[in-house]
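The primary structure of each chain is shown beneath.
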Amino acid sequence: MIHSTRRRFLKTTAALASFFSLNSLATKAKPVSAPIVISTWNFGKEANVEAWKVLAAKGRALDAVEQGVWVPEGDPKEMSVGLGGLPDRDGRVTLDACIMDEHANCGAVLCLEHIVHPISVARKVMEKTPHVILAGDGALQFALANGFKKENLLTPESEKAWKAWLKEAKYKPVANIENHDTIGMVALDSSQNLSGACTTSGMAYKMRGRVGDSPIIGAGLFVDNEVGAATSTGLGEEVIRICGSHLVVELMRQGNSPQEACEKAVKRIVKNQPEKSKEIQVGFLALGKNGDYGAYALQPGFTYAVYSNEIPNTIFKANSYYSG
Ligand code: SD4
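The structure displayed is predicted, hence computed values, not measured ones.

The rules behind each value
Residues numbered from 1 in each chain as written. Predicted model: local features only at pLDDT ≥ 70, side-chain atom pairs only at ≥ 80, totals over all residues. Heavy atoms only, no water. Pairing = 2+ DSSP bridges. Helix = DSSP H or I, 4+ residues; strand = E, 2+ residues; numbered from the N terminus. Axes fitted to C-alpha atoms, helices over the stretch in contact; angles between N-to-C directions. Contact = heavy atoms within 4.5 Å. Salt bridge = Lys/Arg side-chain N within 4 Å of Asp/Glu carboxyl O. Buried < 20%, exposed > 50% of the residue type's maximum accessible area, 1.4 Å probe, protein only. Core = buried A, V, L, I, M, F, W, Y, C linked by side-chain atoms within 4.5 Å. Parallel < 35°, antiparallel > 145°, perpendicular 65-115°, else oblique. Nonpolar A, V, L, I, M, F, W, Y, C, P; charged D, E, K, R; others polar. pLDDT = per-residue confidence, 0-100.

**Q** In this structure, what is going on with the sheet that holds strand S2 (residues 95-100)? I would like to understand it.
**A** Each strand in a sheet pairs with its neighbour through backbone hydrogen bonds, running either in the same direction (parallel) or in the opposite one (antiparallel). The sheet built from 8 strands is open, its strands ordered S4-S3-S2-S6-S5-S1-S11-S12 with mixed pairing. Strands at the two margins of the open sheet, each flanked by one partner only, are strand S4 (133-135) and strand S12 (314-317). On average, each strand axis in the sheet is tilted by 10° relative to the strand beside it, whichever way the strands run. One ladder, built from 3 bridges, connects strand S3 (residues 106-112) with S4; its direction is parallel. Of the residues in S4, the one forming a bridge with Leu110 is Ala135. Helix H5 (residues 136-145) contacts S3 and S4 of the sheet and is inclined by roughly 105° relative to S4.

**Q** What should I look at first to understand the pattern of salt bridges in this one?
**A** Where side chains of opposite charge bring their charged atoms close, a pairing between them can arise. Applying the stated criterion across every chain, the model contains 20 salt bridges. The shortest N-O distance in the salt bridge between Arg92 and Glu113 comes to 3.2 Å. Here Arg92 is found in the loop between helix H3 (61-74) and S2, whereas its partner Glu113 is found in the loop between S3 and helix H4 (118-128), with 21 residues between them in sequence. Judged by relative accessible area, Arg92 falls into the partly exposed class, the value being 37%. Residue Glu113 is classed as buried on the basis of its relative accessible area, which comes to 11%. Note that Glu250 is salt-bridged to Arg253, the shortest N-O span being 2.8 Å. Placement of the pair is Glu250 and Arg253 together in helix H8 (residues 244-253), with a separation of 3 residues, close to one helical turn. It is possible to trace a salt-bridge network through shared partners that takes in Asp63, Glu66, Arg123 and Glu127.

**Q** Just to check I follow, could you spell out the sheet that holds strand S10 (residues 293-297) for this structure?
**A** Pairing in this open sheet of 5 strands is mixed, and the strands run S7-S8-S9-S10-S13 from one edge to the other. Looking at which strands have only one partner, the edges of the open sheet turn out to be strand S7 (221-224) and strand S13 (319-320). Note that strand S9 (residues 282-288) and S10 share 5 bridges and pair antiparallel. Bridging from a neighbouring strand, Gly283 pairs with Ala297 of S10. Sheet strands in contact with H8 are S7, strand S8 (228-234) and S9, and its direction is about 145° off that of S8.

**Q** Explain the nonpolar core here, please?
**A** Note on soluble globular proteins: their nonpolar side chains tend to be buried together. Counting residues in each nonpolar core, the largest one holds 85 residues, and the members touching the most others are Val248 and Phe284. Counting 6 residues, the second largest nonpolar core, distinct from the first, contains Leu83, Val93, Leu95 and Leu154.

**Q** What exactly am I supposed to notice about the packing of H3 against H4 here?
**A** Think of two packed helices as two axes; the pair is described by the angle between the axes and how far apart they sit. Look at H3 against H4: their axes get within 8 Å of each other, and the N-to-C directions meet at 150°. The angle between H3 and H4 falls in the class roughly antiparallel. Taken together, the residues of H4 that come into contact with H3 (itself represented by Leu62, Asp63, Glu66, Val69, Trp70 and Glu73) are Pro118, Ile119, Ser120, Arg123, Met126 and Glu127. Taken together, the residues of the contact of H3 with H4 sort by class into 6 nonpolar, 1 polar and 5 charged.

**Q** So what exactly am I meant to see when it comes to the confidence of the model for the protein chain here?
**A** Any segment with low pLDDT has predicted coordinates that should not be analysed in fine detail. Of the residues in the protein chain, 88% reach a pLDDT of 70 or more, and the chain-wide mean stands at 90. Scored below 50 in pLDDT, residues 1-29 makes 5 contacts in the model with residues more than four places away or belonging to other chains.

Here is the structure:
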């Protein structure tokens with residue numbers, strides 16, 4: 001009698017436990033929605049259109065993110081990426097980019113000058129060299145040897161902005177606007193594979209040779225095909241200090257949703273730099289293997305664009321730690 005009551009109790013407890021664990025999974029995870037592409041800031045919306053063409057045709061996420069980020073890279077009006085990017089304090093446009101695929105293959109270029117599409121040079125580094133990173137003159141030499149054209153990236157508008165800056169020549173990053181933005185894009189294709197790309201002209205009026213988080217695998221971008229992908233934007237030095245995108249992906253591996261993971265990474269920055277974090281912007285964007293996604297920033301104003309079969313290329317505002 002005691003035994004059968006106990007057995008019944010155990011059975012009920014096991015049933016309840018599995019009910020609740022399934023239920024908590026169900027509430028955590030949104031429906032699988034591959035393919036999906038998400039990218040940083042408002043200009044991500046236009047970039048998503050190109051990425052979506054690849055994804056909708058059942059192409060690879062890797063091709064989608066490369067083609068997607070080409071849009072702001074090639075747009076002279078975008079003063080934070082590629083052609084027309086704001087220069088360093090010496091007036092030189094220096095670009096940073098990296099790309100990563102579902103096999104943990106990755107490539108990056110740092111402080112690359114004169115090439116409109118650094119993301120494609122990064123992809124060539126990944127595919128054609130035994131290395132992950134090429135920097136500066138070596139990256140340019142490699143690009144030229146691989147058929148990329150040498151161009152002047154400093155547009156009259158960027159040059160004018162730089163000359164105006166020179167009057168005071170004060171380096172002071174402003175949250176969200178004016179002198180920084182980056183496109184980070186992550187995608188899940190219809191074969192359920194993840195890839196990501198991140199490309200920028202970095203912080204405007206930076207010191208010559210300065211490199212931010214964007215081309216650093218694990219900081220500006222990280223992809224783990226078992227778990228998810230993440231990318232970042234904002235003041236790169238603060239992202240590098242916490243290996244931001246890698247941290248987000250590892251938090252997802254531990255069972256956090258992409259949203260929770262982005263929030264925890266932002267809070268890590270606050271914990272490390274409580275005073276500084278009030279004045280700067282950092283935003284994370286993450287995509288889980290199941291199509292769930294999330295974003296979070298230090299300050300209000302961080303936007304991102306999502307495109308999937310269920311979400312017709314929409315710009316969302318990320319929640320933030322500070323209310324502004
Ligand atoms: C950098 N993270 O170079 C880049 C800049 C950026 O929004 O994303 N700005 O630090």
